[in-house]
Amino acid sequence: MALNILQFGRTGQVGFELLSRGPLRGHRITALGREAVDFTSPEAVKRAIGSAGNIDVVINGAAYTAVDKAESEPDIAMRVNGDSVGALGQACAARGLPLIHLSTDYVFDGTKGTPYAEDEAIFPLSAYGLSKLRGETLLRERNDRHIILRTSWVYSPFGANFVKTMLRLGAERDELKIVDDQHGAPTTAADIALTCLILAERIAKAEGNGPWGTYHYTASGETTWRRFAEAIFAMAAPWAKIKARVTPILTSQYPTPATRQLNPR
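Everything numeric in this text was worked out from a predicted model, so none of it was measured.

Scoring rules and cut-offs
In this numbering scheme, every chain counts its residues from 1 along its sequence in written order. Predicted model: local features are reported for residues with pLDDT of at least 70 only, side-chain atom pairs are reported and counted for 80 or more only, and whole-chain, interface and lining totals are derived from all residues. Side-chain metrics in this entry use all non-hydrogen atoms of the structure; hydrogen atoms and water are not considered. Only Phe, Tyr and Trp rings take part, Trp by its six-membered ring, and two of them pair if their centres are within 6.5 Å. Stacked means planes under 30 degrees apart, edge-to-face means over 60, and tilted covers everything else. The classification of residues rests on relative accessible area computed with a 1.4 Å probe and restricted to protein chains. Under 20% of the type maximum is buried, over 50% is exposed, and intermediate values are partly exposed. Nine residue types can take part in a nonpolar core, namely buried Ala, Val, Leu, Ile, Met, Phe, Trp, Tyr and Cys, and a core is a set of them joined through side-chain atoms within 4.5 Å. By the criteria applied, helices consist of DSSP H or I runs no shorter than four residues and strands consist of E runs no shorter than two, each listed in order from the N terminus. The contact definition used throughout considers only heavy atoms, calling two residues in contact when any of these lie within 4.5 Å.

### Notes on the packing of aromatic side chains
Alright, step 1. Counted under the stated rule, the structure contains nine aromatic pairs.
Alright, step 2. With 4.3 Å between their ring centres and 25 degrees between their planes, Phe108 and Tyr116 make a pair best called stacked. Each of the two residues, Phe108 as well as Tyr116, counts as buried.
Alright, step 3. The structure contains a cluster of three or more aromatic residues connected by ring pairs, namely Trp153, Tyr155, Phe162, Trp225 and Phe228.

In structure tokens:
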């Protein structure tokens, strides 16, 4: 079944993968970036949905993702990740459109020590996490036909991410001090995009019996940033000139504006 999919977040990591993988499954994707829709304006988001043509499903990957910068720009982060997501949900509901929305493990405080279930208590530690939580809350209130995917540690060949940063710094520096007490599940944008497309196919015509709700989607297993870096360097060794040695440090030794969770899986 070929779908008409409206996608927000054209230049994001998942956005790039959706654009490349959607047509391979026979779908027509209209991808809108920030130059087309200003997510700091909820009204602009509403207008984009109202003026769109024939649509079967909406996938939202647009977000304010500068975690540390959000501490100094909380209002902007809240508009993009919170208010505009609520506006998107409301506009989609008005047209009877199902919506897939990408969220984050930053809605948890990471103190549990074991993986979180979808219905466990949420307690963001940062402005970014608070803004993503507000988006989730408003979406649930305004559109029953939604799926929220919480994911983590996203990486791909596109955009800015930990893998690309490590490959660059590993070739430039002799030593990298990398946090070793934060645990998570690195997840490829390609896998997230494919999952979004499969879900879109399931919910396009679903009504009350659709698989609506909130889900956690990450790769299996877990690691730390230090072990992730070492794995990246080991895999890149045959073709990249990596000279940096990795020294593990604690989160307390690498202060950042935004508080990081130690185990948000």
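Now, onward.
### Digging into the nonpolar core
Alright, step 1. Leu6, Phe8, Phe39, Ile49, Val58, Leu88 and Cys92 are the most contacted members of the largest nonpolar core, which totals 28 residues.
Alright, step 2. Residue assignment for this core shows that the elements contributing at least two residues are strand S1 (4-8), helix H2 (42-51), helix H3 (74-94) and helix H4 (127-142).
Alright, step 3. For this core, the element with the most residues is H3, which contributes six residues.
Alright, step 4. When residues no more than four places from it in sequence are discounted, the contact partners of Val58 are Leu6, Phe8, Ile49, Leu88, Cys92, Leu97, Pro98, Leu99 and Ile100.
Alright, step 5. Listed in part, the 23 residues of the second largest apolar core include Leu18, Ile29, Ile147 and Leu149.

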